[in-house]
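Residue strings, one per chain:
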Amino acid sequence: MQSFENARIAVVSGGRSTERERSLMSGRAAWESLERQGYATRLLDASDKTFADEVRGADVAFLAIAGQYAEDGKLQGLLECLDIPYTGSGVTASAIGMHKALAKTVAAAAGVTVLPTLTLPARARDVVAQAITSTVAFPLMLKPLSEGGSIGMTLCHDTAQLAAALRALDPVEGWFAEPFTTGIPVSCGVLEVDGSPVALPPLATIPTGAEFYDYATKRDKAKYRYECPASLSSSALDAVTTAALTAHDALGCSGYSRSDFIVTPAGRPVWLEINTLPGLSHTGNLATMAAAASIDYDQLIRMILATADTAEGYRP
């Protein structure tokens, strides 16, 4: 691990995914933290036409960005071609993590409990609807295969809601459907410390009034509250942290990650997905979990930066 004290650091943010605004928020927060700590930094927007030229001048890239063309391995591939170390997971882990159904297959093979999934290509909506209704019982969750931030995730109770959800979005990668499972949304961050993954205290997100933790709820702080550490049984907490660490390793993640779960009323955690570049706002999930582990925000950013060389050495 390196401190990068004298390095030229490019904080990469923005981009052109549907998560651009969240990325800009994370980028600004991370950049301000590094500036406050005395690092030599530049804040770059990955959507700028001059980005590839500007990032060449950096010794390391701090990735505070999410979504397509950022969290899916494409940006990581560019940085590897330019021989620039970067924070977060490598090309393969990023690509697998972003493909939600494939990520579940890999995690399940490692022993992590997941929901059964039906994967469907982006094609005629009536064909997709028919395939879903003949396989998955209502209520069901419909999700784009490769999006983050709960974008496009829709709870469908009947065929009318399913048809409306399919009309509302046209994902390039296609869809997947899974049974809707009631329970508590729980996240668990993993942060590599001296090269070893360590699970942070799990965080529960309690929606207030919403049927589930959807895109609109996630972006309105009046509609949810955090509970960290989550008020779960010790066995459920252990199962969550174990699954988060297992998924992190199984997918080949490096640096840090965040796994999302539903913990059923019986206390059974079900793994939903992994975020290979979790949001880095001051009040976001990862920062909240770090604070519960007595890691303040500036320390968290410094620890993530220090994993850049570890991540670079670990990449497949």
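See the structure shown above.
Small disclaimer: the values here were computed from a predicted structure and weren't measured.

Peer 1: Is there a simple way to think about the side chain of Arg258 in this case?
Peer 2: Tracing the backbone shows Arg258 in strand E12 (residues 256–263). A distance of 3.0 Å separates polar atoms of two side chains, one belonging to Arg258 and the other to Asp260.

Peer 1: Help me understand the sheet that holds strand E4 (residues 118–120) in this model?
Peer 2: The antiparallel open sheet is built from four strands, whose spatial order is E4-E7-E5-E6. Both edges of this open sheet fall to E4 and strand E6 (154–156), since each of them pairs with a single strand only. Looking at each pair of strands side by side, their axes are set apart by 25° on average, direction ignored. One ladder, built from three bridges, connects E4 with strand E7 (residues 175–179); its direction is antiparallel. Each bridged residue has a counterpart across the sheet, and for Leu120 the counterpart in E7 is Trp175. The strands touched by helix H7 (residues 159–168) within the sheet are strand E5 (140–144), E6 and E7, with E6 carrying the most contacts at an inclination of about 155°.

Peer 1: Can you walk me through the state of the cysteines in this structure?
Peer 2: Linking two cysteines covalently through their sulfur atoms gives a disulfide. Tallied over the entire structure, the rule returns zero disulfides. Cys228 takes part in no disulfide bond, and the closest cysteine sulfur, belonging to Cys188, lies 9.1 Å away.

Peer 1: Sorry, what's going on with the sheet that holds strand E3 (residues 60–63) here?
Peer 2: Sheet strands pair by backbone hydrogen bonding; their relative direction is either parallel or antiparallel. Across the sheet, three strands lie side by side as E2-E1-E3; this open sheet has parallel pairing. Among the strands making up the open sheet, the edge pair consists of strand E2 (40–45) and E3. Looking at each pair of strands side by side, their axes are set apart by 30° on average, direction ignored. Against the sheet, helix H1 (residues 20–36) makes contact with strand E1 (8–13), E2 and E3, and its axis sits at roughly 170° relative to E2, the strand it touches most.

Peer 1: Can you help me understand the environment of Leu162 in this one?
Peer 2: Along the polypeptide, Leu162 turns up in helix H7. Residue class for Leu162 comes out buried when judged on its relative accessible area of 0%. In the structure, Leu162 is positioned 38 residues away from Leu200 in sequence and 36 Å away in space, judged by C-alpha atoms. What Leu162 contacts, discounting residues up to four positions off in sequence, is Ala129, Ile132, Thr133, Phe138, Leu140, Leu142 and Cys156.

Peer 1: Sorry if this is basic, but what is going on with the environment of Asp249 here?
Peer 2: By the secondary structure assignment, Asp249 is in helix H9 (residues 234–250). Note on Asp249: relative accessible area 43%, which makes it partly exposed. Considering only alpha carbons, one finds Asp249 and Pro85, 164 residues apart in sequence, at a separation of 20 Å.

Peer 1: Looking at this model, I keep getting lost on the packing of aromatic side chains. Mind explaining?
Peer 2: Both the distance between ring centres and the angle between the ring planes are used here to describe each pair of aromatic rings. On inspection of all chains with the given rule, the structure shows zero aromatic pairs. Taking NZ or CZ as reference, Arg16 lies 3.8 Å from the ring centre of Tyr69, over its face.

Calculation criteria
Residues numbered from 1 in each chain as written. Predicted model: local features only at pLDDT ≥ 70, side-chain atom pairs only at ≥ 80, totals over all residues. Heavy atoms only, no water. Helix = DSSP H or I, 4+ residues; strand = E, 2+ residues; numbered from the N terminus. Polar contact = N/O pair within 3.5 Å; in protein donor to acceptor, adjacent residues only side chain to side chain. Pairing = 2+ DSSP bridges. Axes fitted to C-alpha atoms, helices over the stretch in contact; angles between N-to-C directions. Contact = heavy atoms within 4.5 Å. Disulfide = S-S within 2.5 Å. Buried < 20%, exposed > 50% of the residue type's maximum accessible area, 1.4 Å probe, protein only. Phe/Tyr/Trp six-rings, centres within 6.5 Å; stacked < 30°, edge-to-face > 60°. Lys NZ or Arg CZ within 6 Å of the ring centre and 35° of its normal.

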